[in-house]
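# Structural description and commentary
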Amino acid sequence: AGLEETVDLLAGAGATVDRKGKRIRFPRELILDQVTKAPSQVILYSRDGKNDLDLTEDKVHLGTGGAAVKILDLETGEPRSSTLKDLYDLGRLVDGLNHIHFFLRPCIPTDIPEADYDVNMFYACLRATAKHVMSGVNDEAGLADVIELASLLAGGREALKAKPFISVITSFAISPLKLCTQSTRIMQACNREGIPVALSAAPMSGSTSPMTMAGTLAQVHAEQLAGITICQLTRAGAPLLYGGIPGMANMNTMGYTGGGVECGMMNAAIHQLAAHIEVPNYNSAGLSDTKLPDAQAGWEKAMTILLGAMGGSNYMHHSAGM
């Protein structure tokens, strides 16, 4: 029931909707028509104008990422639950590091109630750094609070729309090829408010997408085209980032394998797919399968980041931390 308006919007635009089978088919003409409306340049602004990110062509930006619920304690070296103070401290660190270009909230504050996450998380991030802040939100009410907070800082809703220094990750796709109700609604709410969105879709090769890299990339492209179409039908010209973050499953355990070379290769290819339709991209690099900041972490992070950066990816999260 939550996506009835979206389904009606798509049906009205020419999509074939099988309501009984819960399946939407996007005609090629509809996709091609809507994708051209997505801006080829998206600027993710900083609050002080010193670190604006121009996401065009092959310009590369690296930053933090993730939603970790544990952090390695600096005093004890042991993992513990992450807090709001950790988020603030990491933001201060990012603010002072010249080569970390943006602050995507890297951990979840487990010391406050979940209902209070969204606005407090953004408050801690914005208090810590003047660089661009990106995060997911839990629901539309949380998003409304975040936009109100950012508008206060910007000097009004229109000022925020003109130079948005926040953006939102919207995990609209449940791979393979399914829309997530809550995230799609959040995505459309951002579109209406002029807040840039990263269309996060994370198929896992061998688990939620085909075993081959080519098959996984074909699936993620289909998911992205559907998401972009929904955004542009919601508001033509809505700023967005092609958000493919393909990964792969370890066939022994079915666990996520973030540090593998295929992860780096597929994420480098994401920029090529996004460039093909002339939309800037968000993607992942710098994950590791080790649990400690050791030699393995160094190799896996360095090599996957290198592949993405050489490929020209516009916005690579997970590059620092995680």
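First things first, this report covers the structure right here in the doc. No experiment lies behind these values; they were computed from the predicted model shown.

## Focus: the pairing of strand E15 (residues 240–244)
- When you tally the buried positions in E15, you get five out of five residues, the bulk of the element.
- On E15, burial covers both faces: Leu240, Tyr242 and Gly244 on one face and Leu241 and Gly243 on the other are all buried.
- Judged from the five bridges that link them, strand E13 (residues 197–201) and E15 form a sheet pairing that is parallel. Each bridged residue has a counterpart across the sheet, and for Ala201 the counterpart in E15 is Gly244.

## Some details on empty space enclosed by the protein
- By the definition in use, this model includes one cavity of 30 Å³ or more.
- Tyr256, Gly258, Cys263, Gly264, Asn267, Ser284, Ala285, Gly286, Leu287 and Thr304 are the residues that line the largest cavity.
- Considering each element in turn, the lining of the largest cavity owes the most residues, three residues, to helix H9 (residues 261–276).
- Taken together, the residues of the lining of the largest cavity break down into four nonpolar, six polar and no charged.

## Brief notes about helix H10 (residues 295–311)
- Between the first and last C-alpha of H10 there are 24 Å, a value that for 17 residues agrees with the 24 Å anticipated at 1.5 Å per step.
- Tucked inside the fold, the buried residues of H10 contact strand E5 (62–64), H9 and strand E18 (315–320).
- Measuring from the backbone nitrogen of Gln296 back to the side-chain oxygen at the start of H10 gives 3.3 Å, which picks out Asp294 as the cap.
- Two residues or fewer past H10, Gly312 is found with a positive phi of approximately 95 degrees.

## Considerations on the nonpolar core
- Leu143, Ile166, Leu199, Ile228, Leu240 and Tyr242 are the most contacted members of the largest nonpolar core, which totals 57 residues.
- For this core, the element with the most residues is helix H8 (residues 213–234), which contributes seven residues.
- Within the second largest apolar cluster, 13 residues are counted, among which are Leu53, Leu55, Phe102 and Ala198.

## Thoughts on the pairing of E13
- Most of E13 is tucked away, with five of its five residues classed as buried.
- By the alternation rule, side chains of E13 split into Val197, Leu199 and Ala201 and Ala198 and Ser200, which are all buried.
- Judged from the three bridges that link them, strand E10 (residues 166–170) and E13 form a sheet pairing that is parallel. Residue pairing in the sheet places Thr170 in a bridge with Leu199 of E13.

## Let's talk about helix H7 (residues 181–193)
- For H7, with 13 residues, the first-to-last C-alpha span of 19 Å sits near the 18 Å given by 1.5 Å per residue.
- For H7, every residue scored as buried is listed here: Ser183, Thr184, Ile186, Met187, Gln188, Ala189, Cys190 and Asn191.
- Those residues of H7 that are buried are in contact with helix H1 (4–13), helix H5 (140–154), E10, strand E12 (178–179), E13 and H8.

The rules behind the values
Residues numbered from 1 in each chain as written. Predicted model: local features only at pLDDT ≥ 70, side-chain atom pairs only at ≥ 80, totals over all residues. Heavy atoms only, no water. Buried < 20%, exposed > 50% of the residue type's maximum accessible area, 1.4 Å probe, protein only. Helix = DSSP H or I, 4+ residues; strand = E, 2+ residues; numbered from the N terminus. Pairing = 2+ DSSP bridges. 1 Å grid on protein atoms, 1.4 Å probe; cavity = no way out; pocket = protein on both sides within 12 Å on 5 of 7 lines; lining within 4 Å. Points joined across faces, edges and corners; volume = space filled by probe spheres on them. Nonpolar A, V, L, I, M, F, W, Y, C, P; charged D, E, K, R; others polar. Expected span 1.5 Å × (residues − 1). Contact = heavy atoms within 4.5 Å. Polar contact = N/O pair within 3.5 Å; in protein donor to acceptor, adjacent residues only side chain to side chain. Core = buried A, V, L, I, M, F, W, Y, C linked by side-chain atoms within 4.5 Å.

Everything listed is a geometric property; what it means functionally is a separate question.
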